[in-house]
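Each chain, letter by letter, is given below.
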2 protein chains.
Amino acid sequence: MTGSERVTAGGADVFAALASPVRRELTALLLGGPRSVNDLASHFEMSRPSVSEHLRVLRDAGLVSEERSGRRRLYRLEAEPLMEVSRWLSPYERFWRERLAGLRELLDEEDGDDHER
Amino acid sequence: MTGSERVTAGGADVFAALASPVRRELTALLLGGPRSVNDLASHFEMSRPSVSEHLRVLRDAGLVSEERSGRRRLYRLEAEPLMEVSRWLSPYERFWRERLAGLRELLDEEDGDDHER
DNA sequence: ACAATAGGTAGGAGATTCCCTACAAGTCAA
DNA sequence: TTGACTTGTAGGGAATCTCCTACCTATTGT
């Protein structure tokens, strides 16, 4: 009923794409720059086609783009969906800041007031 | 091989918990303060037991805690796992800032230099 | 005690995920 | 062209997810 629960950036759900540890590891690797599929796959125990499928999920979520270069395809990290995660997170960031501020206030109060024990 | 791909905060995977739109909606509702299960369930089409199960997933991920109050249980949003998401996000935040900085530089360059067309 | 309320749990059906092994298609090197 | 290389896709099996309808327990009010 709120009407703003979608976090998709035009494709599939970004959070769903990031739900897999393998795919988070892939995005972490791509933080260092574009890489080919074989390059990426060499960091995992699993088969290369499986890595390819994970890359497709990331691509459907807009988290990576592919660029054909000769017989290889370089996958590149894309910023937009990650920024969307950040925007989703910001109300919660306010939430925990208030919580921490309340905690500090409580501690300061005890310091300058009477307190048993 | 990197050794730091876990985002769990002591329980189950936080990203996996947030992968469901229903659970993100639940956390959004809890942003307004603790609520009972029936209260939360009234915002959804689905059955109350299903909402209960979603709440369990959130609880296993540490995203919510429950407090028994009479015959009701109040679910409360917890900050820690969300802060963990924020920490996970920060290297990517640096990444897209660099990207935007590069973009701006490019635009400034074109403004003060010769450019065909 | 009894009925009503609030919520967790069991068990199961249907959809989805995740991984695999073939196989096909495009590209480079000889 | 032939062969090696890089990648995507098809098809399938096991596991997990998501939702449901019962059903059970605990608490409150009368």
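Residues numbered from 1 in each chain as written. Chains lettered and ligands numbered in written order. Predicted model: local features only at pLDDT ≥ 70, side-chain atom pairs only at ≥ 80, totals over all residues. Heavy atoms only, no water.

As recorded in an unreviewed UniProt entry, chain A goes by HTH arsR-type domain-containing protein and comes from Planotetraspora kaengkrachanensis.

Asker: So what about the packing of helix 2 (residues 21–30) of chain B against helix 4 (residues 48–60) of chain B? Which residues, and what values?
Answerer: Residues and elements named next belong to chain B. Across the interface, helix 2 lies against helix 4 with an axial gap of 10 Å and an inter-helix angle of 80°. As far as their axial angle goes, helix 4 and helix 2 are roughly perpendicular. Every residue of helix 4 that contacts helix 2 at Val22, Arg23, Leu26 and Thr27 is listed here: Val51, His54, Leu55, Val57 and Leu58. Each residue belonging to the contact of helix 2 with helix 4 can be placed in one class, and the counts come to six nonpolar, two polar and one charged. (Axes fitted to C-alpha atoms, helices over the stretch in contact; angles between N-to-C directions. Helix = DSSP H or I, 4+ residues; strand = E, 2+ residues; numbered from the N terminus. Parallel < 35°, antiparallel > 145°, perpendicular 65-115°, else oblique. Contact = heavy atoms within 4.5 Å. Nonpolar A, V, L, I, M, F, W, Y, C, P; charged D, E, K, R; others polar.)

Asker: Could you give me a rundown of helix 2 of chain B, with the residues and numbers involved?
Answerer: In terms of burial, helix 2 of chain B is a largely internal element, eight of the ten residues being buried. For helix 2 of chain B, every residue scored as buried is listed here: Val22, Arg23, Arg24, Glu25, Leu26, Thr27, Leu29 and Leu30 of chain B. (Buried < 20%, exposed > 50% of the residue type's maximum accessible area, 1.4 Å probe, protein only.)

Asker: Mind laying out the relation of the copies chain B and chain A, listing which residues take part and the relevant values?
Answerer: Turning chain B through 180° and shifting it by 0.0 Å along the axis lays it on chain A, with an RMSD of 0.1 Å. The superposition operator between the copies reduces to a two-fold rotation axis. For chain B, the residue whose C-alpha comes nearest the rotation axis is Ala19 of chain B, separated from it by 3.0 Å. Here 97% of the contact residues of chain B are again contact residues in chain A; the copies associate through an equivalent surface. (Least-squares fit on C-alpha atoms with pLDDT ≥ 70 in both.)

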